[in-house]
Amino acid sequence: MTMAAIFINRLTVVGVGLIGGSLVRALRRAGAVGEVVGVDLDRENLLRAKQFGVIDRCAESLADGVGGADLVFVSVPVCAIPSVVRDLVPHLAPGAIVTDGGSVKGGIVAACEALMPPGTHFVGGHPIAGTEHSGVEASFATLYEGKRCIVTPTSRTDAAALETVVRIWETVGSEVVLMDVEKHDRLVAAISHLPHMVAYALVSAVEGYDRLGEGVLQYSAGGFRDFTRIASSDPAMWRDIALMNREGVLEMMDHFAAYFATLRALVAAGDADGLERFFRESKESRDAIL
């Protein structure tokens, strides 16, 4: 990553966890940001962020935190994003840009755009990156390198604000893709939200399999642990995602159920050729993305 000149004099991060903390670390490493102010309901997490050098100042409130900021990055559970933006907009400086890292865009972008005072701007964003860990201690500067970030402009998006948000994500090493909000929500329902639903359901199903009475999960090996790693993610975050992208998630759950039913029928019929074909086609699709 090449060093960039400072183009964000003051950045405020609301929710200084894995996503927000990693963005700051990457921007600092690139030399692209001046002062960083943190806002977080978890005061201990905020103090750790200051101790680790992720932020320069702990704000006492949203009003204190966003005042004078060139850019505000909101990284809180998706259901809370519109209410956080509603509370912070009265305190924004003229020309300030607000963006987010939420993995649902439709409802968020529409609500937040409507809240912005004249002369301030909202641009929706979603970095497709993360781990199963949370909190500022889980953040690291290379999280976004080589990853995609989807930015979702609308007909109301200010061109200069969009350019700044795109520049931020490119500065931290991401490939930026511009996308319609509805397309975004259906795409992530398939590639991110459905896999998390399956992982949580699989862990619950295996844990609930009591026929052996042996505590089945304690015998799980690498395959099961790797497949279900994402079920260690923040439950509150995934509750909110399932609710906010309910239509997309339900569509993909039904679509998955049809394929799973096909696989079950092949097993029940003892169809060796059909099973091998099903597995081979899936393998080829999976191998093609590596």
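Now for a look at the structure at hand. From a predicted model like this one, the values you see are computed outputs, not experimental measurements.

Criteria and cut-off values
Residues numbered from 1 in each chain as written. Predicted model: local features only at pLDDT ≥ 70, side-chain atom pairs only at ≥ 80, totals over all residues. Heavy atoms only, no water. Helix = DSSP H or I, 4+ residues; strand = E, 2+ residues; numbered from the N terminus. Buried < 20%, exposed > 50% of the residue type's maximum accessible area, 1.4 Å probe, protein only. Phe/Tyr/Trp six-rings, centres within 6.5 Å; stacked < 30°, edge-to-face > 60°. Lys NZ or Arg CZ within 6 Å of the ring centre and 35° of its normal. Salt bridge = Lys/Arg side-chain N within 4 Å of Asp/Glu carboxyl O. Axes fitted to C-alpha atoms, helices over the stretch in contact; angles between N-to-C directions. Parallel < 35°, antiparallel > 145°, perpendicular 65-115°, else oblique. Contact = heavy atoms within 4.5 Å. Core = buried A, V, L, I, M, F, W, Y, C linked by side-chain atoms within 4.5 Å. Pairing = 2+ DSSP bridges. Right-handed = clockwise from strand over helix to strand, strands pointing away. Disulfide = S-S within 2.5 Å. Left-handed = near helix turned anticlockwise from the far one by under 90°. Nonpolar A, V, L, I, M, F, W, Y, C, P; charged D, E, K, R; others polar.

## Remarks on the environment of histidine 91
Mapped onto the fold, histidine 91 is located in the loop between helix 4 (81–88) and strand 5 (97–100). Classification of histidine 91 by relative accessible area gives partly exposed; the value is 34%.

## Points about the packing of aromatic side chains
Enumeration according to the criterion identifies 4 aromatic pairs in this entry. Plain terms: the ring middles of phenylalanine 256 and phenylalanine 260 are 5.9 Å apart, the flat faces sit at 25° to each other, and that makes the pair stacked. Residue phenylalanine 256 and its partner phenylalanine 260 are both found in helix 10 (residues 246–269); the two are separated by 4 residues, about one turn of the helix. Phenylalanine 260 gets classed as exposed once you look at its relative accessible area, which sits at 51%. Joined through ring pairs, the aromatic side chains of Phe73, Tyr144 and Trp169 make up one cluster. The ring of phenylalanine 7 is capped by arginine 167, whose NZ or CZ atom sits 3.9 Å from the centre of that ring.

## Remarks on the side chain of lysine 105
By secondary structure assignment, the location of lysine 105 is in the loop between strand 5 and helix 5 (106–115). Assessed through its relative accessible area of 0%, lysine 105 is described here as buried.

## Some details on the pattern of salt bridges
The tally for this structure, following the rule as stated, stands at 16 salt bridges. Here arginine 57 makes a salt bridge to glutamate 35, at a shortest N to O gap of 3.6 Å. One end of the pair, arginine 57, is in strand 3 (residues 57–58); the other, glutamate 35, is in strand 2 (residues 33–39), with 22 residues separating them in the sequence. Its relative accessible area of 25% is what places glutamate 35 among the partly exposed residues. For glutamate 137, the salt bridge goes to arginine 48, with nearest N and O atoms at 2.9 Å. Here arginine 48 lies in helix 2 (residues 43–51) and glutamate 137 lies in the loop between strand 6 (121–127) and strand 7 (148–152), a separation of 89 residues in the sequence. Through salt bridges with shared partners, a single ionic network connects Arg10, Glu35, Arg57 and Asp64.

## A look at the packing of helix 4 against helix 5
Axis separation between helix 4 and helix 5 bottoms out at 9 Å; the angle between their running directions is 10°. Here helix 5 runs roughly parallel to helix 4, going by the angle between their axes. Residues Ile81, Pro82, Val85 and Arg86 of helix 4 form the contact with helix 5, whose own contacting residues are Ile108, Ala111, Cys112 and Leu115.

## Section: the nonpolar core
Core analysis: the largest hydrophobic core is formed by 38 residues, its most contacted members being Leu11, Leu27 and Trp169. When residues of this core are traced back to their parent elements, those giving at least two are strand 1 (8–14), helix 1 (18–29), strand 2, helix 2, strand 4 (71–74), strand 7 and helix 6 (159–171). With near-sequence residues (within four places) excluded, tryptophan 169 lies in contact with Leu23, Phe73, Pro127, Tyr144, Cys149, Val151, Ser174 and Val176. If you look at the next biggest cluster of nonpolar residues, it comprises 29 residues, including Val74, Val89, Trp238 and Ile241.

## Concerning the pairing of strand 2
Counted residue by residue, strand 2 has 5 buried out of 7 residues, so it is predominantly covered. With 6 bridges connecting them, strand 1 and strand 2 associate as parallel partners. Its bridge partner being in strand 2, isoleucine 8 is matched across the sheet by valine 33. What joins strand 1 to strand 2 is helix 1, and the crossover it makes is right-handed. Of the strand pairs in this sheet, strand 2 and strand 3 are connected by 2 bridges, and their pairing is parallel. Paired with valine 37 across the strands is arginine 57, a residue of strand 3.

## Structural notes on the state of the cysteines
Going through the model one piece at a time under the given rule, you end up with 0 disulfides. Of all cysteine sulfurs in the structure, the one in cysteine 112 sits closest to cysteine 79, which takes part in no disulfide; the separation is 12 Å.

## So, the sheet that holds strand 8 (residues 175–178)
Pairing in this open sheet of 8 strands is mixed, and the strands run 3-2-1-4-5-6-7-8 from one edge to the other. Since the sheet does not close on itself, it has two edges, and those belong to strand 3 and strand 8, each with one partner. Both strand 1 and strand 4 contribute to a ladder of 4 bridges, which runs parallel. Across the sheet, leucine 11 pairs through a bridge with leucine 71, a residue of strand 4. Here helix 4 sits on the sheet in contact with strand 1, strand 4 and strand 5, set at roughly 150° to strand 4.

## Comments concerning the packing of helix 10 against helix 11 (residues 272–288)
Where helix 10 meets helix 11, the axes come as close as 8 Å, and the angle between the chain directions of the two elements is 145°. The crossing of helix 10 and helix 11 is left-handed. Residue-level inspection shows Tyr259, Thr262, Leu263, Leu266 and Val267 of helix 10 in contact with helix 11, the latter providing Gly274, Leu275, Phe278 and Phe279. For the contact of helix 10 with helix 11, the per-class residue count stands at 7 nonpolar, 2 polar and no charged.

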